[in-house]
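Here is what each chain is made of, one letter per residue.
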Amino acid sequence: MRTYGGDLARIEKDGLTRRLQLRRSDMLEFSSNDYLGLADHPRLKEASIKAIEMWGSSVAASRLMSGNIGLHEQLENRLARLTGMESALLFGSGFLANTGLLSSITSRDDLVFADRLNHASLVDGASLSRAGVFRYRHCDMDHLEYFLANRTCSGNRFIVTDSLFSMDGDIAPIRKLEELSLCYDCNLIIDEAHAVGVFGNGGGICREYGVRPHAVIGTLSKALGSYGGFVAGNAELIKYLINNARTFIYSTGLPPAAPAAALKALDIIESQPDSGRKLLEMAADFRGMIEFSGFSTSPSESQIVPVHVGENRKAVAFSEYLERNGVSAVAIRPPTVPAGTARIRLSVTLRHSRKDLSYAAEVLNSGSIQ
Ligand SMILES: Cc1ncc(COP(=O)(O)O)c(C=O)c1O
């Protein structure tokens, strides 16, 4: 019989045990990805309630069976427009979008060149197809180019990266990535999970820089205040995914409340195109407040602000100290981040007031990492 005690003891010994914590309403929340503060917006709630009244709590079938409703297709059209792509397809989550996309468009004859700090779902997607994977040093375009020049295959080649890195808050060199993908005849795949809704008037970092990759992945579950994921690309790619992406074909369509809320979020984002810029300005101020006391938030240039600690137990102790002072910010440890780089990850959202940010910075600055 498989037992788990030995593994759990090893995890505990390394200071890596993860525990579920109930969210508390009396805390200042800094671990949420609800960047625009839309998850409990009255208009999103109202839209979800209406959708449930109309369609029920579940579509109870995959999209290809009887689970396809107008809300899904309306949202796909809007997401395609938002990201500047021809077409889009919803998935059960961003994780399922990444694994479904990469496992279906790559094969064992292909090569994937991936940033070393890519999200786990991009790593898993490529490994499912058994494509060869080369992981280049984080944002190191010389290292990527070395691989591109020296690693060939009989099939297709793909460059895969987050646009905004989830644990560091830095941005991939998106224009250089496009240039390399064109120069070396590669397909560029960009995961915009943390950037959609915030950058490029909501359309993401590719939109902001005028870059048009082969595919963009996004999630409804962060700035859009809902749940689910999507892939955007040309119409042929989307048709291919409908016919080949296993996480799309063999999984139930999103519950009606989710696309309804996301559609309302897009209405709000379109009517307030400055929201993302305002959030980024608040985050820059917040980084300044923290760095003033000698903490490093490098290399963040976004609403995601890491405070580097290093050692696992110290990061947990620091997070507990923050919690005792009313600030909820989770310690991030390996394997989510590389060994020796444990940190507190804070995300600034539009729910925060200037007073909230000053208070959190004061608590951070008066704590010590020991
Ligand atoms: C870069 C990136 N891609 C994909 C995902 C997965 O998205 P979802 O939470 O919708 O599954 C995440 C979530 O944390 C992410 O950070």
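Residues numbered from 1 in each chain as written. Predicted model: local features only at pLDDT ≥ 70, side-chain atom pairs only at ≥ 80, totals over all residues. Heavy atoms only, no water.

**Description of the nonpolar core**
Put simply, the rule reads: Buried residues of nine kinds, namely Ala, Val, Leu, Ile, Met, Phe, Trp, Tyr and Cys, make up a nonpolar core once their side-chain atoms join them within 4.5 Å. Each residue's exposure class comes from its accessible area (1.4 Å probe, protein chains only) as a fraction of the maximum for that residue type: buried when under 20%, exposed when over 50%, partly exposed otherwise. In this description a helix means any DSSP run of H or I spanning at least four residues, a strand means any run of E spanning at least two, and both kinds are numbered starting from the N terminus. Contact definition: two residues touch when any of their heavy atoms are within 4.5 Å.
With 86 residues, the main nonpolar core has Leu-79 and Phe-286 as its most contacted residues. It is helix α11 (residues 257-271) that provides the largest number of residues to this core, a total of 9 residues. Leaving out residues up to four positions away in the same chain, Leu-79 has contacts with Ala-88, Leu-90, Leu-220, Leu-224, Phe-230 and Leu-266. Counting residues in each nonpolar core, the second largest holds 23 residues, with Ala-126, Val-160, Leu-237 and Ala-245 among its members.

**Examining the packing of helix α4 (residues 94-105) against helix α5 (residues 120-129)**
Which entries qualify depends on this criterion: Axes here refer to lines fitted to C-alpha atoms; in helices the fit is confined to the stretch in contact. Angles between the N-to-C directions go from 0 to 180 degrees. Roughly parallel means an angle under 35 degrees; roughly antiparallel, over 145; roughly perpendicular, 65 to 115; everything else is oblique. Left-handed describes a crossing whose near helix is turned anticlockwise from the far helix through less than a right angle; right-handed describes the clockwise counterpart.
It is at 7 Å that the axes of α4 and α5 come closest, and there the two elements cross at 30 degrees. With respect to α5, the axis of α4 lies roughly parallel. With respect to the hand of their crossing, α4 and α5 are arranged in right-handed fashion. Across the interface between the two elements, Phe-95, Asn-98, Thr-99, Leu-102 and Ser-103 from α4 touch Ser-121, Leu-122, Asp-124, Gly-125, Ala-126, Leu-128 and Ser-129 from α5.

**Points about unusual backbone geometry**
Backbone torsion omega between Ser-298 and Pro-299 reads 0 degrees, so that peptide bond is classified as cis. The residue Pro-299 is located in the loop between α12 (275-291) and β9 (304-310) in this model. Here the residue pair Pro-334 and Pro-335 is connected by a cis peptide bond, since its omega of 5 degrees sits within 30 degrees of zero. Locating Pro-335 in the fold gives a position in the loop between β11 (331-332) and β12 (342-347). With phi around 55 degrees, Ala-60 is a residue other than glycine that occupies positive phi space. Within the fold, Ala-60 resides in the loop between α2 (42-55) and α3 (70-83). With a phi close to 50 degrees, Asn-201 is a non-glycine residue in the positive phi region. In this structure, Asn-201 sits in the loop between β6 (187-191) and α8 (205-209).

**Regarding the domain arrangement of the protein**
The test is simple: Domain borders in the structure are assigned automatically or taken from a domain database. Accessible surface is computed with a 1.4 Å probe, and the buried area is the amount of it that two parts give up when combined, taken over both parts together.
Split by domain assignment, the protein resolves into domain 1 (16-35 + 274-366) and domain 2 (42-271). The straight-line distance from the C-alpha centre of domain 1 to that of domain 2 is 26 Å. Taken together, the 21 residues of domain 1 in the interface contact 17 residues of domain 2. With both sides pooled, the region where domain 1 packs onto domain 2 buries about 1500 Å², and carbon together with sulfur makes up 58% of that total. Summed over the three residues of domain 1 that lose the most area to domain 2, namely Tyr-35, Glu-301 and Ile-304, the buried surface amounts to 27% of that side.

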